[in-house]
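Secondary and tertiary structure notes
Read off the chains here:
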Amino acid sequence: MAMSALDVKRMKLELVKVAAARAELEFRIDERMDEINRIKEHIKVQLDKEAELQGKISEAEQAS
């Protein structure tokens, strides 16, 4: 059963749509990964601040 030229074009159009949808999902993953990395950096800053404050607390407790 041979396909008409219109059927082939319809399938090519569908292929473009499917590829675009996949590309959009991959982009959304990249966006979320970027957000996760920013959050991890914020967590690191908070952990560093916690360690600094713990050190100051320990120094203050030993001094008194």
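This report concerns the structure included in the present document.

Basis of the calculations
- Residues numbered from 1 in each chain as written.
- Predicted model: local features only at pLDDT ≥ 70, side-chain atom pairs only at ≥ 80, totals over all residues.
- Heavy atoms only, no water.
- Helix = DSSP H or I, 4+ residues; strand = E, 2+ residues; numbered from the N terminus.
- Rg over C-alpha atoms; globule rule 2.2 N^0.38 Å.
- Buried < 20%, exposed > 50% of the residue type's maximum accessible area, 1.4 Å probe, protein only.
- Areas by Shrake-Rupley, 256 points an atom, 1.4 Å probe, with all protein chains shown as cover.
- Salt bridge = Lys/Arg side-chain N within 4 Å of Asp/Glu carboxyl O.
- Patch = residues over 30% accessible without salt bridge, like charges linked within 9 Å, V, L, I, M, F, W, Y side chains within 5 Å.

Focus: the overall build of the chain
Helices and strands together make up the secondary structure of the chain, namely one helix and zero strands. Taking 64 residues into account, the globule formula puts the C-alpha radius of gyration at 11 Å, and the chain, at 28 Å, lies well above it. Overall, the chain is about 90 × 15 × 5 Å in size when its C-alpha atoms are taken along their principal axes. Burial status across the chain gives 0% buried among its 64 residues. Accessible surface, the chain as shown: approximately 6300 Å² in total, 61% of it carbon and sulfur.

A look at the pattern of salt bridges
Evaluation of the coordinates by the stated rule reveals six salt bridges. Among the ionic pairs, D48 bridges to K44, the shortest N-O distance being 3.2 Å. You can see D48 and its partner K44 sitting in helix α1 (residues 5–63), four residues apart, about one turn around the helix. Classification of K44 by relative accessible area gives partly exposed; the value is 46%.

A word on the environment of S58
Looking at the secondary structure, you find S58 in helix α1. Since its relative accessible area comes to 35%, S58 is described here as partly exposed. It is 35 Å that separates the C-alpha atoms of S58 and E35, two residues lying 23 residues apart in sequence.

Quick look at a nonpolar patch on the surface
A contiguous nonpolar patch, built from M3, V8 and M11 and spanning about 270 Å² of accessible area, is present on the exposed surface. Looking at M11, the relative accessible area reads 46%, which means it is partly exposed.

Remember that the coordinates give geometry; whether it matters functionally is a separate question.
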